[in-house]
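Chains, contacts and geometry: an overview
Here are the chains, one letter per residue:
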Amino acid sequence: MRLETKLALFNALSKLLLVLLGVLIITPIVQRVAVAHTDQRLHEKKLEVLALVQRDGLAAFVRAERSEIYADYNLLKQEYISITPLPEGPAAPTERVFEERRQVDNEVEDFRILSSVVPAQRPGGRAFRLEIGSSLGTLELLTHTLRQLALWVLVAVALLTVLSDVAFAHYLLGPLRELTVRKLRGIRQPSEFSFAPIATGTTDFRRLDDGLNALMRQIQSAFEKEREFMSNVSHELLTPVSILQSRFENMLQDPTLPEQHAQQVVESQHTLYRLRNTVRTLLLIANIENEQYLRDEVVSLTQTARDVAEELDDRRQQRDLSLAVDLAPDLVLPRANATLLHTLLRNLLANAIKYNHAGGTIRIAGRPTPAGGYALRVEDTGPGIAAEHLPQLFDRFRRFSAPGPGAPEGYGLGLPIAQTIAAFHGATLRAESVLGEGTAFVVEFGPAAG
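All values reported here derive from a predicted model rather than from experimental measurement.

1. A few points about unusual backbone geometry
The linkage connecting A328 with the following residue, P329, adopts the cis geometry, with an omega of -5°. Looking at the secondary structure, you find P329 in the loop between β7 (322–327) and β8 (332–336). The phi dihedral of D320 is positive, around 55°, even though this residue is not glycine. Following the sequence through the fold, D320 ends up in the loop between α7 (313–318) and β7.

2. Comments concerning helix α8 (residues 338–354)
For α8, with 17 residues, the first-to-last C-alpha span of 24 Å sits near the 24 Å given by 1.5 Å per residue. Regarding α8, the residues found buried are L340, L341, L344, L345, N347, L348, L349, A350, N351, A352 and I353. Where α8 begins, the capping side chain belongs to N337, and its oxygen is found 3.2 Å from the backbone nitrogen of T339.

3. Considerations on the pattern of salt bridges
Summed over the entire model, instances satisfying the criterion amount to 14 salt bridges. Residues E379 and R363 are paired through a salt bridge, measuring 3.7 Å at the closest nitrogen-oxygen approach. Note that E379 is positioned in strand β10 (residues 374–380) and R363 in strand β9 (residues 361–368), a separation of 16 residues in sequence. Two residues, E379 and R377, come together in a salt bridge whose shortest N-O distance is 2.8 Å. Overall, the relative accessible area of 24% leaves R377 in the partly exposed class. Through salt bridges with shared partners, one network takes in D326, R363, R367, R377, E379, R430, E432 and E444.

4. With respect to the sheet that holds strand β14 (residues 438–445)
Judged by pairing direction, the sheet is mixed, and its 5 strands sit side by side in the order β7-β9-β10-β14-β13 without closing on themselves. The strands lining the two open edges of the sheet, one partner per strand, are β7 and β13 (427–434). Going across the sheet, the axis of each strand differs from the next one's by a mean of 15°, ignoring polarity. Where β13 meets β14, 8 bridges bridge the pair, whose relative direction is antiparallel. Across the sheet, T428 pairs through a bridge with E444, a residue of β14. Each of β7, β9, β10 and β14 is contacted by helix α6 (residues 301–311), which is oriented at about 170° to β7, the strand it contacts most. Strands in contact with helix α9 (residues 414–424) are β13 and β14; relative to β13, the strand with the most contacts, it is inclined by about 140°.

Cut-off values and rules
Residues numbered from 1 in each chain as written. Predicted model: local features only at pLDDT ≥ 70, side-chain atom pairs only at ≥ 80, totals over all residues. Heavy atoms only, no water. Helix = DSSP H or I, 4+ residues; strand = E, 2+ residues; numbered from the N terminus. Expected span 1.5 Å × (residues − 1). Buried < 20%, exposed > 50% of the residue type's maximum accessible area, 1.4 Å probe, protein only. Polar contact = N/O pair within 3.5 Å; in protein donor to acceptor, adjacent residues only side chain to side chain. Salt bridge = Lys/Arg side-chain N within 4 Å of Asp/Glu carboxyl O. Pairing = 2+ DSSP bridges. Axes fitted to C-alpha atoms, helices over the stretch in contact; angles between N-to-C directions. Contact = heavy atoms within 4.5 Å.

Here is the structure:
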């Protein structure tokens with residue numbers, strides 16, 4: 001999973017946790033806020049009533065008997081005000097807020113009530129009890145409204161912060177994507193690496209880019225030295241090998257050479273021949289990796305496969321193997337090297353002949369890939385390759401014992417050569433194998449190959 005995706009998931013989960021926590025704590029907080037708001041409104045109405053009493057006098061709110069309670073309810077009985085004259089005499093001012101059930105007409109309602117004893121407003125006047133009540137239904141409605149509003153605001157803020165975090169993480173990790181996509185993806189060899197610095201103001205990414213550039217320069221230098229060494233050694237070895245081969249041939253021309261010595265010279269010639277082929281193979285690999293070959297020919301894979309099949313036809317018939325060539329449609333490479341592609345297919349077909357059961361089958365098939373490329377497969381019905389050997393199959397000089405009694409030993413430099421040629425043409429080479437069923441080597445060309 002990408003780092004940016006992990007950060008986005010972490011931010012989303014953390015915000016979800018905050019929303020859940022908010023749901024738990026919002027209810028009591030909103031309840032307190034609604035109660036405080038209701039109490040404040042009760043105190044404000046108390047001040048308004050006292051102002052009216054101060055202006056109009058208490059007599060304006062009670063009947064002539066001066067003992068009957070004054071009460072006023074709104075139409076929906078959600079609020080009420082009552083003024084009760086107290087007996088004559090001093091009255092200590094008190095105030096309290098409580099909840100109580102009150103009967104309004106024929107209905108019983110729950111109210112939150114502010115009860116206050118108000119001293120006489122004028123000399124000789126009477127004190128009175130003032131009660132202002134608000135229905136708890138109104139309080140619950142206010143609580144529900146505030147809770148819904150708080151939850152929606154919390155969810156909106158959480159979503160907004162998640163989106164802003166994702167956008168910021170995408171922007172912040174842009175240099176890292178540039179490192180992994182532009183610089184590292186699709187690099188088949190160090191010479192293809194781009195040393196252009198990435199545009200970033202983050203110190204960590206700058207250090208990572210500088211360290212990666214320095215490391216790739218060292219790797220590139222090591223690869224160039226290895227190629228140069230291989231090329232020079234191959235050139236230097238070819239000369240003494242040729243001299244030794246000429247001397248052995250001259251020795252065999254001597255009629256006085258004993259038969260036993262002549263047999264030893266012939267065996268030495270065979271060893272020298274294998275050494276010469278190995279040196280030439282290494283030189284070929286070095287020249288391909290150093291791009292000393294041109295890609296200026298138009299090559300048909302179907303024609304190349306048929307040419308290779310005709311060249312190896314005698315060897316195939318000796319083992320009674322059947323061959324099918326099926327490239328539908330054909331792939332024509334506009335910029336390729338015909339000789340190298342011929343060598344690639346020859347090595348793969350030679351392996352299919354060599355490591356196959358007598359009387360088996362070989363199939364060369366080519367098909368377009370879903371990604372727009374082209375896959376060329378060389379399949380055989382041989383003993384197959386063990387799964388643990390597949391990762392090292394293209395290592396140079398790595399050889400394995402093929403399964404089955406009397407099976408030839410494999411595999412040498414033929415597959416590394418084929419892989420090098422495939423990479424030279426922008427293709428990849430991989431192996432698929434099942435023990436007891438056979439092996440398939442797949443050369444996959446990219447969408448731009450044709």
